[in-house]
Amino acid sequence: MADPDMSLPSGGYDVELFVDTPDYDLICTICQGVLRCPVRAACNHIFCKKCILQWLKRCRQQTCPCCRKPVNQSLIFVMFKLSKAIGRLKIKCKNEIRGCSDTLALSEQSGHSMSCLFELIPCPYQGCHVQLLRRDLDAHARNCEHWRQPCHMGCGTVLSHRTQTKHNCYRQLRQEYEARQTKHQAVAAALQRKLRRMQSTMVQMKRQIGLICESLEVMNDLEEVEEEEDLVEASGSGSFSSSNNNS
Ligand SMILES: [Zn+2]
Ligand SMILES: [Zn+2]
Ligand SMILES: [Zn+2]
Ligand SMILES: [Zn+2]
Ligand SMILES: [Zn+2]
């Protein structure tokens, strides 16, 4: 009864996708796939919403493809609970043929596609028309001639692989300069501390030398005084003898 032209990809889910063969009741008579957004007509037959709407658009009599009873388009109802139950069925990743061995709930399919390493994606760089597995993107990007990325230093220059190696980023230069300056400032501060320590040591040494000098002077003075005393003594004895001579 099903019209082969109606087996469009917009109909139900491919039966082959499911880990376990889906129950016969879950198959849409029009597309032979597993019901996608199931709706029930007044005659109680169930189809994918898209399939029955397309069918009614094409057939003049507006009848059910299963029982030929008239179908009123405004009297078909979406079966939310059944839809949710179908969403919980386990499927294989559609990229199984490319190497993905994941199984997941049907409702998680689009989420998985966004991260599946075996999903075929176009190279994200403008102008590149290569299609590749997501897992190969990094390797491809390293050689893609359309690869563009703003300089990681944030200078605003957009770099390609060719210009990246030559890029002499002023931001990087400035950062290096600033790092060197901070290092120099640290060295200067350390030297200044050392200088101050040396200065205070010198002050102490001067003070000690002064003390030593003072004590040396005192000793000299003492010696001089002693010498003078000796002289006085010596001249005293001389006068003594001359007085003796005089007498
Ligand atoms: Zn269908
Ligand atoms: Zn029917
Ligand atoms: Zn996958
Ligand atoms: Zn590319
Ligand atoms: Zn830069």
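Cut-offs and rules
Throughout, a residue's number is its position along its own chain's written sequence, starting from 1. Chains and ligands are labelled by the order in which they are written, letters from A for the one and numbers from 1 for the other. For this predicted model, a pLDDT threshold of at least 70 governs which residues receive local features, and a threshold of 80 or more governs which side-chain atom pairs are given and counted, while totals over whole chains, interfaces and linings are taken from all residues. Buried means a residue has 20 or more other C-beta atoms within 10 Å of its own C-beta, exposed means 12 or fewer, and partly exposed covers the counts in between; C-beta atoms are placed from the backbone. Secondary structure elements follow DSSP: runs of H or I no shorter than four residues count as helices, runs of E no shorter than two count as strands, and numbering proceeds from the N terminus. The directions from the helix axis to the C-beta atoms are what the arc is built from. Residue pairs are scored as contacts if the distance between their C-beta atoms, which are placed from the backbone, is within 7 Å. UniProt positions are given in the numbering used here, feature names are shortened, and annotations may be inferred rather than shown by experiment. We treat two strands as partners when DSSP finds at least two bridges between them. Note on method: axes are straight lines fitted to C-alpha atoms, helices fitted across the in-contact stretch only, with angles between N-to-C directions ranging 0 to 180 degrees.

> Before we move on, could you go through helix 1 (residues 49–58) and cite the residues and values that matter?
Since the α-helix packs 3.6 residues into each turn, any two residues three or four apart lie on the same face. If you check which residues of helix 1 are buried, you get Cys 51, Ile 52, Gln 54 and Trp 55. Down the axis of helix 1, the buried side of the element spans an arc of 165°, and every buried residue falls inside it. Buried-residue contacts for helix 1 involve strand 1 (38–40) and strand 2 (46–48).

> Tell me about the UniProt feature "coiled-coil region" (unreviewed entry) in the protein chain, and please be specific about residues and values.
Under the local residue numbering, the UniProt record ascribes the feature "coiled-coil region" (unreviewed entry) to residues 174–208. Counted over residues 174–208, helix gives 100% and strand 0%. Its end C-alpha atoms are 50 Å apart.

> Tell me about the sheet that holds strand 1, and name the residues and values.
Here we have three strands laid out as an open sheet, ordered 2-1-3, and antiparallel in their pairing. Lying at the two open borders of the sheet, with one neighbouring strand each, are strand 2 and strand 3 (77–78). In terms of strand pairing, strand 1 meets strand 3 through two bridges, oriented antiparallel. Across the sheet, the residue bridging to Arg 40 is Phe 77, located in strand 3. Sitting on the sheet, helix 1 is in contact with strand 1, strand 2 and strand 3, with an inclination near 95° to strand 2.

> Run through the UniProt feature "zinc finger region: TRAF-type" (unreviewed entry) in the protein chain, naming residues and quoting values.
UniProt records the feature "zinc finger region: TRAF-type" (unreviewed entry) for residues 112–155 in the present numbering. Between the end C-alpha atoms of residues 112–155 there is a gap of 36 Å, over a span that is 16% helix and 18% strand.

> Can you break down the environment of Glu 145 residue by residue, with the values?
Along the chain, Glu 145 turns up in the loop between helix 4 (137–141) and strand 8 (149–150). The exposure class assigned to Glu 145 is exposed, which follows from the 11 C-beta atoms found within 10 Å. For the pair formed by Glu 145 and Arg 135, sequence separation is 10 residues and the distance between their alpha carbons is 19 Å.

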